[in-house]
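An overview of the molecular structure
Each chain, written out:
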Amino acid sequence: MKKLFTLSLLAVAALTGAHAADFPVKDKPVTIVVPFTAGGPTDRVARDLAEALRKPLGANVVVENVAGAGGTIGANKVAKAPQDGHTVLLHHIGMATSPALYRKMPYNTTEDFEYLGMVNEVPMTLIGRPTLPATNFKELQAWIAQNKGTVNLGNAGLGAASHLCGLLFQNALKTDMTTVPYKGTAPAMNDLMGGQIDLLCDQTTNTTSQIEAKTVKAFAVTTTKRLTTPALKHLPTLDESGLKGFEVTIWHGLYAPKGTPADVTAKINKALKVALKDPEFIKKQQGLGAVVVTDKRTDGAEHKKFVAAEIAKWGPIIQAAGVYAD
């Protein structure tokens with residue numbers, strides 16, 4: 001019986017090894033699942049990445065949009081997908097915030113995925129209505145203190161990047177504002193420009209053109225270092241403006257179902273690292289206001305450590321706010 005059990009394990013190991021060696025399977029595409037609708041920021045990153053991955057991966061790479069429930073439906077699909085490397089997930093900061101926003105999760109963020117490496121980071125900007133009396137962050141901070149309880153802070157909806165940044169901003173200032181949720185960035189931006197709300201913290205992909213056009217007032221960026229983008233390089237960081245340690249970026253990472261063979265994940269990671277150095281991919285990401293990740297977080301283990309740290313960072317802030325998406 002023991003001999004038969006040993007032979008069975010060897011057979012499984014052999015099959016797994018052969019399957020890994022054969023990846024990607026000829027004429028079978030690798031599907032990047034995007035847990036949001038087509039046309040959005042994450043979808044655009046995924047389609048750029050798909051193009052950059054095709055050559056180094058040696059396979060056709062396609063994008064599938066599986067939207068709903070703040071990204072958890074698409075993520076769950078990948079968590080339950082075959083463990084063959086042909087179905088992967090591209091997800092943003094929601095991978096780290098969902099465990100706090102949703103009290104019942106269909107998967108475990110840190111246990112049900114193989115982490116393949118980070119892709120990019122998108123900085124955020126703190127902007128205000130054009131009629132705000134403040135002209136810099138110091139004046140803005142004084143204005144917020146003087147108008148405590150009456151300041152309106154918009155966001156693009158529960159769990160959106162702008163919502164998360166707003167929570168952290170209030171936490172850092174140790175003050176509460178009236179949060180105004182919208183169904184997306186566009187209506188929030190329209191109301192900010194029209195003076196219906198006072199402040200908004202959103203991704204550079206959504207704010208740079210308005211800052212350039214001077215239809216909003218820009219006060220700071222949420223990275224720890226100043227940005228080099230011409231329209232934003234004059235803006236100070238919130239960290240240097242007195243909110244020490246303040247940092248919010250909307251990052252994207254790549255994931256495979258837990259149990260995907262190590263040889264397969266290694267091949268995907270190797271292809272990812274090549275894609276991240278592709279000049280055309282870098283150019284496209286810069287066009288989105290994103291910064292391609294080049295540090296050790298492109299390794300799966302470091303990527304997982306980073307997400308674990310983000311979960312620890314955002315969990316208490318979301319719980320203290322008492323906001324849930326379910």
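Our subject is the structure listed above.
Residues numbered from 1 in each chain as written. Predicted model: local features only at pLDDT ≥ 70, side-chain atom pairs only at ≥ 80, totals over all residues. Heavy atoms only, no water.

**Points about the overall build of the protein**
What counts is decided by this rule: Where helices and strands are cited, they refer to DSSP runs of H or I of at least four residues and of E of at least two residues respectively, numbered from the N terminus. The buried label applies to any residue whose accessible area, calculated with a 1.4 Å probe on protein chains only, is under 20% of its type's maximum; exposed applies above 50%, and partly exposed to all values in between. Surface accessibility in these figures is a Shrake-Rupley result with a 1.4 Å probe; residues are shielded only by whichever protein chains are displayed. Positive: Lys, Arg. Negative: Asp, Glu. His and the chain ends are not part of the count. Think of each charge as sitting on NZ of Lys, CZ of Arg, CG of Asp or CD of Glu.
A count of helical and extended segments in the protein gives 11 helices and 11 strands. Across its three principal directions, the C-alpha atoms of the protein cover 80 × 40 × 30 Å. The 326 residues of the protein split such that 50% are buried. Counting every atom, the protein has about 15000 Å² of accessible surface; 56% of that belongs to carbon and sulfur. In the protein, the 35 positive side-chain charges and the 28 negative ones have mean positions that sit 2 Å from each other.

**A closer look at the side chain of Arg-297**
What counts is decided by this rule: Here a polar contact means two N or O atoms within 3.5 Å. Within protein one must be a hydrogen donor candidate and the other an acceptor candidate, and residues neighboring in sequence count only if both atoms are side-chain atoms. Note on contacts: a residue pair qualifies if any of its non-hydrogen atoms lie within 4.5 Å across the two residues.
The residue Arg-297 is located in the loop between strand 11 (291-292) and helix 11 (300-321) in this model. Reaching out from Arg-297, the side chain makes a polar contact with the side chain of Asp-295 at a distance of 2.9 Å. Setting aside chain neighbours within four positions, we find Arg-297 in contact with Gly-117, Met-118, Glu-121, Glu-302, His-303 and Phe-306.

**Thoughts on the state of the cysteines**
Threshold: Put simply, a disulfide is two cysteine sulfurs that come within 2.5 Å.
Following the criterion strictly, the structure yields 1 disulfide and no others. The disulfide that involves Cys-165 links it to Cys-201, with 2.0 Å between the sulfurs. An S-S torsion of about 55 degrees defines the bridge between Cys-165 and Cys-201 as right-handed. Highlighted residues: Cys-165 in helix 6 (residues 161-173) and Cys-201 in strand 8 (residues 199-203), separated in sequence by 36 residues. The pair formed by Cys-165 and Cys-201 is uniform in burial state, with each residue classed as buried.

**A word on the side chain of His-252**
The topology assignment puts His-252 in strand 10 (residues 250-257). Its relative accessible area of 2% is what places His-252 among the buried residues. Separated by 2.9 Å, the side chains of His-252 and Thr-42 make a polar contact. Those residues in contact with His-252, other than ones at most four positions away along the chain, are Thr-42, Val-45, Leu-90, His-91, His-92, Met-118, Val-119 and Asn-120.

**Points about the pairing of strand 6 (residues 152-155)**
Put simply, the rule is: Here a strand pair is declared whenever DSSP counts at least two bridges between the two strands.
Where strand 6 lies against strand 7 (residues 178-181), 4 bridges are found, and the strand directions are parallel. What sits directly across from Asn-152, in strand 7, is Thr-178. For strand 6 and strand 8, the ladder comprises 2 bridges, and the chain directions are parallel. Its bridge partner being in strand 8, Leu-153 is matched across the sheet by Leu-199.

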